[in-house]
Amino acid sequence: MYYGPIMDQPLHQQVNDENFHSQEFKDLLSSLPKERGLAPTYSYQYQGFWYSPLALRGVTNCQKHFHPRENDIFLVTAPKSGTTWLKAILYTLINREAYPPQTPSHPLLSKTPHQLVPFFETLDPSEYDAVCNSSDSRTRIFATHIPVDSLPRFFTDDSTSSNCKIVYLCRDIKDNFVSLFHFANKVNMRPSPISLADAFELFCKGISAVGPIWDQILGYWKESLEKPHKVLFMRYEEMTNEPRFQLRRLAHFLGKPFSLEEENTGVLDQIISLCSFDTMSKLEVNSTGILKHGISNSSFFRNGLVGDGKKYLTADMASRLDQITEEKFHGSGLSF
Ligand code: PPS
């Protein structure tokens, strides 16, 4: 049965389409707790996290059908924490020999980061093998929001021959929530706009894209401490404040450290500049057109500022988020 994307329908219609999901998946949905969340349809709770049907389909497909290649790279993020940015950076970093960042025909100038590095959640299993976004055929780069405990074991299991690496990126919770709120209304996730107050309540209860966000972050934080060779934990704010240091760290983790020559000829700065918010958001490919699920390319670029969340939240909202964050991360060594 066909249950891939239906190209000429917007996302909120696709997920309601009878032919979109297999019977097996529909049976799974009907067995799960459900709530009204940010998505146009119900959100479903699966293995402790809340998903739209589309995202959940990506998780279950990954669990059942994904077979890794030797050096696959998974970029995992909490939604709206800088995925688009790190997709661009990872792609440029991995392919810098084939496509030096200053080349006028660089793929990032004509394709969006989401086209070059697909989200698992938007792929049909039949498409996994066709992903070819690295000059090394043993490596593919995927992105996903799947929590660590819901990933197939081979991602983090040391006993397998797989050398898969996970790059995890998160962001200040207040900025993350505000970015998600704007995105939800911009892409009409619901038939009518959601208020900041309603979105906030859902977010605090964890009923948001792959929420509770704290649990998703904490899972990868712990995994990165236990298996630093498998999981690299990154933060949006650190990428903003010290991009060169973070880029070196990322390149080293992926086994592609910068050579002295690359350092001396400014390759790091060229990657940073090519993938910057300013450059990316002004490219025609990112400011026009829509992705296959009906989301406009421009909706992934708002302002890319650190600390922007505070402008939108009341003092009570900010302190409630801070309090939840403190309680959830207490004793973990992780703080925001
Ligand atoms: S998604 O839907 O999960 O893929 O969205 P995601 O890309 O994670 O988050 C979107 C936010 O990231 C900002 N953004 C960037 N910041 C810095 N540099 C670059 N190149 C970049 N591209 C996107 C984007 O503006 C969103 O943040 P806000 O705070 O809403 O501006």
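Residues numbered from 1 in each chain as written. Predicted model: local features only at pLDDT ≥ 70, side-chain atom pairs only at ≥ 80, totals over all residues. Heavy atoms only, no water.

Draft legend 1. Examining the packing of helix 10 (residues 243-253) against helix 12 (residues 267-274) more closely. As a packed pair, helix 10 and helix 12 sit with axes 10 Å apart at the nearest point and diverge in direction by 105°. Judged by the angle between their axes, helix 10 and helix 12 are roughly perpendicular. Of the residues in helix 12, those touching helix 10 at Pro243, Arg244, Leu247 and Arg248 are Leu268, Asp269, Ile271 and Ile272. Partitioning the contact of helix 10 with helix 12 into residue classes produces five nonpolar, no polar and three charged. (Axes fitted to C-alpha atoms, helices over the stretch in contact; angles between N-to-C directions. Helix = DSSP H or I, 4+ residues; strand = E, 2+ residues; numbered from the N terminus. Parallel < 35°, antiparallel > 145°, perpendicular 65-115°, else oblique. Contact = heavy atoms within 4.5 Å. Nonpolar A, V, L, I, M, F, W, Y, C, P; charged D, E, K, R; others polar.)

Draft legend 2. Layout of the nonpolar core. If you look at the biggest cluster of nonpolar residues, it comprises 60 residues, and the most contacted ones within it are Leu56, Phe66, Phe155, Phe177, Ile217 and Leu321. If near-sequence neighbours (up to four positions away) are discounted, Phe66 is found in contact with Asn61, Asp72, Phe74, Phe120, Tyr128, Arg140, Phe142, Phe154 and Phe155. Judged by nonpolar contacts, the second largest core, of 39 residues, contains Phe119, Phe183, Phe300 and Phe301. (Core = buried A, V, L, I, M, F, W, Y, C linked by side-chain atoms within 4.5 Å. Buried < 20%, exposed > 50% of the residue type's maximum accessible area, 1.4 Å probe, protein only.)

Draft legend 3. Layout of the sheet that holds strand 7 (residues 231-235). Sheet architecture is open: four strands sit in the order 5-4-6-7, paired in parallel fashion. Since the sheet does not close on itself, it has two edges, and those belong to strand 5 (141-144) and strand 7, each with one partner. Recorded for the sheet is a direction-independent mean angle of 20° between the axes of neighbouring strands. Two elements, strand 4 (residues 73-77) and strand 6 (residues 165-170), share five bridges in a ladder whose sense is parallel. Bridging across to strand 6, Thr77 finds its partner in Leu169. Strands strand 4, strand 5, strand 6 and strand 7 of the sheet are contacted by helix 4 (residues 83-94), whose axis makes an angle of about 160° with strand 4. Here helix 10 sits on the sheet in contact with strand 6 and strand 7, set at roughly 165° to strand 7. (Pairing = 2+ DSSP bridges.)

Draft legend 4. Region of the structure containing unusual backbone geometry. For the bond from Gly211 to Pro212, the omega torsion is 0°, close enough to zero to count as cis. Its location among the elements puts Pro212 in the loop between helix 7 (196-205) and helix 8 (213-226). Of note, the phi angle at Gln47 is positive, near 50°, even though the residue is not glycine. Counting through the fold element by element, Gln47 comes out in the loop between strand 2 (42-46) and strand 3 (49-51).

Draft legend 5. Quick look at the sheet that holds strand 2. With antiparallel pairing, three strands are arranged side by side in an open sheet as 1-2-3. Each edge of the sheet is formed by a strand with only one pairing partner; in this case those strands are strand 1 (34-36) and strand 3. Taking the axes of each pair of neighbouring strands and ignoring which way they run, one obtains an average angle of 35° across the sheet. Here strand 2 pairs with strand 3 via three bridges, running antiparallel. Of the residues in strand 3, the one forming a bridge with Tyr44 is Tyr51. Where helix 3 (residues 53-65) meets the sheet, its contacts fall on strand 2 and strand 3, and the angle it forms with strand 2 comes to roughly 30°.

Draft legend 6. View of the environment of Ser296. With respect to the helices and strands, the residue Ser296 is situated in the loop between helix 14 (284-287) and helix 15 (315-329). The partly exposed category is assigned to Ser296, whose relative accessible area is 26%. Distance from Ser296 to Met234, taken between C-alpha atoms, is 27 Å for residues 62 residues apart in sequence. In contact with Ser296, other than residues within four places in its own chain, are Gly289 and Ile290.

Draft legend 7. Here's a closer look at the packing of aromatic side chains. Scanning all chains against the criterion turns up 19 aromatic pairs. Ring centres of Trp85 and Tyr236 lie 5.1 Å apart, and the angle between their planes is 70°; on these two criteria the pair is classed as edge-to-face. Placement of Trp85 in helix 4 and of Tyr236 in helix 9 (residues 236-241) is noted, with a sequence separation of 151 residues between them. Joined through ring pairs, the aromatic side chains of Phe66, Phe74, Phe120, Tyr128 and Phe142 make up one cluster. Positioned over the ring face of Phe183 is Lys80, at 3.3 Å from the centre of the ring. (Phe/Tyr/Trp six-rings, centres within 6.5 Å; stacked < 30°, edge-to-face > 60°. Lys NZ or Arg CZ within 6 Å of the ring centre and 35° of its normal.)

Draft legend 8. Highlighting the site of the ligand. In the region of the ligand, 21 residues are neighbours, and Thr83, Thr84, Ser179, Tyr236 and Gly304 sit closest. Within the backbone of Phe277, a nitrogen or oxygen atom sits 3.4 Å from a nitrogen atom of the ligand. Between Gly304 and the ligand, the recorded distance is 2.7 Å, taken from a backbone N or O atom to an oxygen atom. Protein contact buries 96% of the 640 Å² of open area that the ligand shows by itself. A total of three residues in the shell around the ligand trace back to one element, the largest contributor, which is helix 4. The residue inventory of the shell around the ligand, partitioned by class, reads eight nonpolar, 10 polar and three charged. (Near = heavy atom within 4 Å. Polar contact = N/O pair within 3.5 Å; in protein donor to acceptor, adjacent residues only side chain to side chain. Areas by Shrake-Rupley, 256 points an atom, 1.4 Å probe, with all protein chains shown as cover.)

Draft legend 9. Fine view of the environment of Trp85. Distance in space between the C-alpha atoms of Trp85 and Tyr236 is 9.3 Å, their sequence separation being 151 residues. When residues no more than four places from it in sequence are discounted, the contact partners of Trp85 are Tyr236, Met239, Thr240 and Cys275.

Draft legend 10. Spatial organisation of the pairing of strand 6. For strand 6, the tally of buried residues reaches six of six residues, placing the bulk of the element in the interior. Burial of the side chains of strand 6 extends over both faces: Lys165, Val167 and Leu169 are buried on one face and Ile166, Tyr168 and Cys170 on the other. The pairing of strand 6 with strand 7 spans five bridges and is classified as parallel. Following the sheet pairing, Leu169 is matched in strand 7 by Met234.

From the geometry alone we can't say anything about function, so treat these as descriptive.
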